Amino acid sequence: MTAAIFRGKRRRAAAAVGAVAFGLVALSACDKPTPLATVTVGSTTVTTEAACFDEGKKLDQNALNKCMADKSVKTVKVQPGDKVRVGVDPKMADKGWLVAVNAQQQTNQLKQTYTSLNGEQLFVNRMEQRFEKDVILSVITEDGVWNVKLELDKG
């Protein structure tokens, strides 16, 4: 009877060691998550990971353009008069960041963790002098781009 008890304890111990080893291997395979950018309009908040991020390495113009063109992003509806609030991770703020809409720069370089923008103005296409029904808002640092789609909701 005692032999059966020892075998059961050994199996459980071996299973526990195996589970711990598997967990450590699984954790070591995980990539470090990218910093997050957050866009809030009214009571709706969307948090997004980077479309492109290569920590510490400056993106060249081609990579920057490709990253800003990514349209597979989360969407937020904006009504006339809404403020669009953009927030970033403190590490991003320390390095400096800016906001662009459809690849047109909207802010100078910022060092704080958030900014607030006039939502309606983000839909004005100055080159064609018309309102767009949707735009891609990009948060840009030297080493990454975060995108969110804004849709104009006229109620």
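Note that the structure is a prediction, hence the values are computed from the model and not measured. (Residues numbered from 1 in each chain as written. Predicted model: local features only at pLDDT ≥ 70, side-chain atom pairs only at ≥ 80, totals over all residues. Heavy atoms only, no water.)

## So, the pattern of salt bridges
Tallied over the full model, the rule gives four salt bridges. A salt bridge links Lys 77 to Glu 151; the shortest N-O distance between them is 2.9 Å. Residue Lys 77 is located in strand β4 (residues 75–78), and its partner Glu 151 is located in strand β12 (residues 144–152); the two are separated by 74 residues in the primary sequence. For Arg 130, the salt bridge goes to Glu 132, with nearest N and O atoms at 3.4 Å. According to the relative accessible area criterion, Glu 132 is buried, its value standing at 16%. (Salt bridge = Lys/Arg side-chain N within 4 Å of Asp/Glu carboxyl O. Helix = DSSP H or I, 4+ residues; strand = E, 2+ residues; numbered from the N terminus. Buried < 20%, exposed > 50% of the residue type's maximum accessible area, 1.4 Å probe, protein only.)

## Quick notes on helix α2 (residues 61–68)
Considered for burial, the residues of α2 that qualify are Leu 64, Cys 67 and Met 68. Here the buried residues of α2 occupy an arc of 95 degrees about the axis, which is enough to place them on one side. Summarising the geometry of α2, the exposed residues directed more than 90 degrees from the buried face are Asn 62 and Lys 66. The opening residue of α2, the one whose side-chain oxygen lies 3.2 Å from the backbone nitrogen of Asn 62, is Asp 60. (Arc of directions from axis to C-beta. Polar contact = N/O pair within 3.5 Å; in protein donor to acceptor, adjacent residues only side chain to side chain.)

## Some thoughts on the side chain of Asp 143
Position of Asp 143 relative to the elements: it lies in the loop between β11 (134–141) and β12. One polar contact links the side chain of Asp 143 to the main-chain amide nitrogen of Gly 56, over a distance of 2.9 Å. Not counting residues up to four positions away in its chain, the partners in contact with Asp 143 are Cys 52, Phe 53, Asp 54, Glu 55, Gly 56, Lys 57, Leu 59 and Lys 95. (Contact = heavy atoms within 4.5 Å.)

## Remarks on the state of the cysteines
Evaluated as defined, the whole model comprises one disulfide. One disulfide bridge connects Cys 52 with Cys 67, the sulfur atoms lying 1.8 Å from each other. Measuring the twist about the S-S bond at about -105 degrees, one finds the Cys 52-Cys 67 disulfide to be left-handed. Here Cys 67 lies in helix α2 and Cys 52 lies in strand β3 (residues 52–53), a separation of 15 residues in the sequence. (Disulfide = S-S within 2.5 Å.)

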